[in-house]
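Below, each chain spelled out in residue letters.
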Amino acid sequence: MLNTKTCFVTVIIIKLYFSFIYEILIIFVRSNIHLMGLLDRPVIVRGPLGIVTWKELLFISMFIGLLVWSTSAYIHAMFATITTQSASKMKDKVWEVKLDSMALMLGLVGNICLAFLFFPVTRGSPLLRLIGLTSESSIKYHIWVGHVTMVLFTAHGLCYTLFWAKTHQISQV
């Protein structure tokens, strides 16, 4: 079970990671080094994601960091209120209430992915121009975020189906 110290350390590590990335970007901008030229070099050539540049790797790691942080924050907030007394009030076991909270958390994190899912497909988006992408080259990101979204919502549905089956509520669905 996550305690307050573990969540606090996780939040600190994530904040340090993003501040480190921000400081690197500031150093590149102030030193007049062509940042976009350096970030457009491929770093992974063979892999399941195709050719991945430093810029793409940076955005992927920030997106995964956002999802990990959101997941840990939701788990900490939801599991902190689950006790044997609160579970007995709902006439459920503790693991069933935690499974219910986990299913809800997967749906909430999936909604974050949905918010990012439609950025790459808008034509003429100023956000895409800001980071130097065309709508055609951003289709790859749309596919990546779509896969993550489908995994999260599939796990969300499976958790709720298992919860309803174990608590004999499947007939109410």
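In what follows, the structure referred to is the one given above.
Attention here is on the structure that accompanies the text.

Rules used in this analysis
- Note on numbering: residues in each chain are counted from 1, in written sequence order.
- Per-residue local features are limited, in this predicted model, to residues with pLDDT of at least 70; the limit for side-chain atom pairs, both in listing and counting, is 80 or more; totals at the level of whole chains, interfaces and linings are taken over all residues.
- With hydrogens and water excluded, all non-hydrogen atoms of the structure serve as input to the side-chain values.
- Strands here are runs of E lasting at least two residues and helices are runs of H or I lasting at least four, both read from the DSSP assignment and numbered beginning at the N terminus.
- Note on classification: 1.4 Å probe, protein chains only; a residue is buried when its accessible area is under 20% of the maximum for its type, exposed when over 50%, partly exposed between these limits.
- We call two residues in contact whenever any of their non-hydrogen atoms come within 4.5 Å of each other.
- Only the protein chains shown count as cover for residues, and the accessible areas themselves come from Shrake-Rupley with a 1.4 Å probe.
- Here a pair means two rings of Phe, Tyr or Trp (six-membered ring of Trp) with centres within 6.5 Å. Their orientation is stacked below 30 degrees between planes, edge-to-face above 60, and tilted elsewhere.
- To obtain an axis, a line is fitted to C-alpha atoms, over the contacting stretch when the element is a helix, and the angle between two such axes runs from 0 to 180 degrees between their N-to-C directions.
- Roughly parallel covers angles under 35 degrees, roughly antiparallel covers those over 145, roughly perpendicular covers 65 to 115, and oblique covers all other angles.
- For a crossing to be left-handed, the near helix must be turned anticlockwise from the far one by less than a right angle; the clockwise case is right-handed.
- Note on residue categories: nonpolar means Ala, Val, Leu, Ile, Met, Phe, Trp, Tyr, Cys or Pro, charged means Asp, Glu, Lys or Arg, and polar means any other residue, Gly included.
- As used here, the term nonpolar core means buried Ala, Val, Leu, Ile, Met, Phe, Trp, Tyr and Cys residues forming a set that is joined through side-chain atoms within 4.5 Å.
- For a helix, the expected span equals 1.5 Å multiplied by the number of residues minus one.

Quick look at the overall build of the protein
In terms of regular secondary structure, the protein is built from 7 helices and 2 strands. In the protein, the succession of helices and strands from N to C terminus is α-α-β-β-α-α-α-α-α. Split into buried and exposed, the 173 residues of the protein put 29% on the buried side. In the protein, 59% of the contacts between residues at least 6 apart in sequence involve partners at least 24 apart. If you sum the accessible surface of the protein, you get close to 11600 Å²; carbon and sulfur atoms cover 71% of it.

Digging into the packing of aromatic side chains
Summed over the entire model, instances satisfying the criterion amount to 3 aromatic pairs. Ring plane angle 75° and centroid distance 5.4 Å describe the contact between Phe63 and Phe116, whose orientation is recorded as edge-to-face. Taken together, the residues span a long stretch of sequence, with Phe63 in helix α3 (residues 54-79) and Phe116 in helix α5 (residues 94-117) at a distance of 53 residues. Overall, the relative accessible area of 32% leaves Phe116 in the partly exposed class. Where Tyr160 meets Trp164, the ring centres are 5.3 Å apart and the plane angle is 20°; that geometry is what we call stacked. Of this pair, Tyr160 and Trp164 both sit in helix α7 (residues 139-166), separated by 4 residues, roughly a single helical turn. When its relative accessible area of 27% is taken as the criterion, Trp164 is described as partly exposed.

Concerning the packing of α3 against α7
It is the contact of α3 with α7, at a shortest axis distance of 13 Å, that shows an interaxial angle of 25°. One finds that α3 runs roughly parallel with respect to α7. Handedness of the crossing formed by α3 with α7: right-handed. For the pair α3 and α7, the contacting residues are Glu56, Ile60, Phe63 and Leu67 in the first and Lys140, Tyr141, Trp144, Val145 and Val148 in the second. Considered class by class, the residues forming the contact of α3 with α7 number 7 nonpolar, no polar and 2 charged.

Let's talk about the nonpolar core
Ranked by size, the top nonpolar core spans 21 residues in total, and within it Leu67, Met105 and Cys113 carry the most contacts. At the level of secondary structure, the elements contributing two or more residues to this core comprise α3, α5 and α7. The element contributing the most residues to this core is α5, with 9 residues. What Cys113 contacts, discounting residues up to four positions off in sequence, is Phe63, Leu67, Val145, Val148, Thr149 and Leu152.

Side note on α7
With 28 residues, α7 extends 40 Å from end C-alpha to end C-alpha; this agrees with the ideal 40 Å at 1.5 Å per step. On its buried face, α7 sits against β2 (52-53), α3 and α5. Just past α7, the residue His168 takes up positive phi, approximately 60°.

Describing the environment of Lys15
Tracing the backbone through its elements, the reader meets Lys15 in helix α1 (residues 4-30). Given the relative accessible area of 55%, Lys15 is considered exposed. Taking the C-alpha atoms as reference, Lys15 lies 9.6 Å from Trp69; in sequence the two are 54 residues apart.

Quick notes on the environment of Lys140
Structurally, Lys140 can be placed in helix α7. A residue is classified by how much of its surface remains accessible, and Lys140, at 25% relative accessible area, is partly exposed. The spacing of Lys140 and Gly50 is 90 residues in sequence and 9.1 Å in space, taken between C-alpha atoms.

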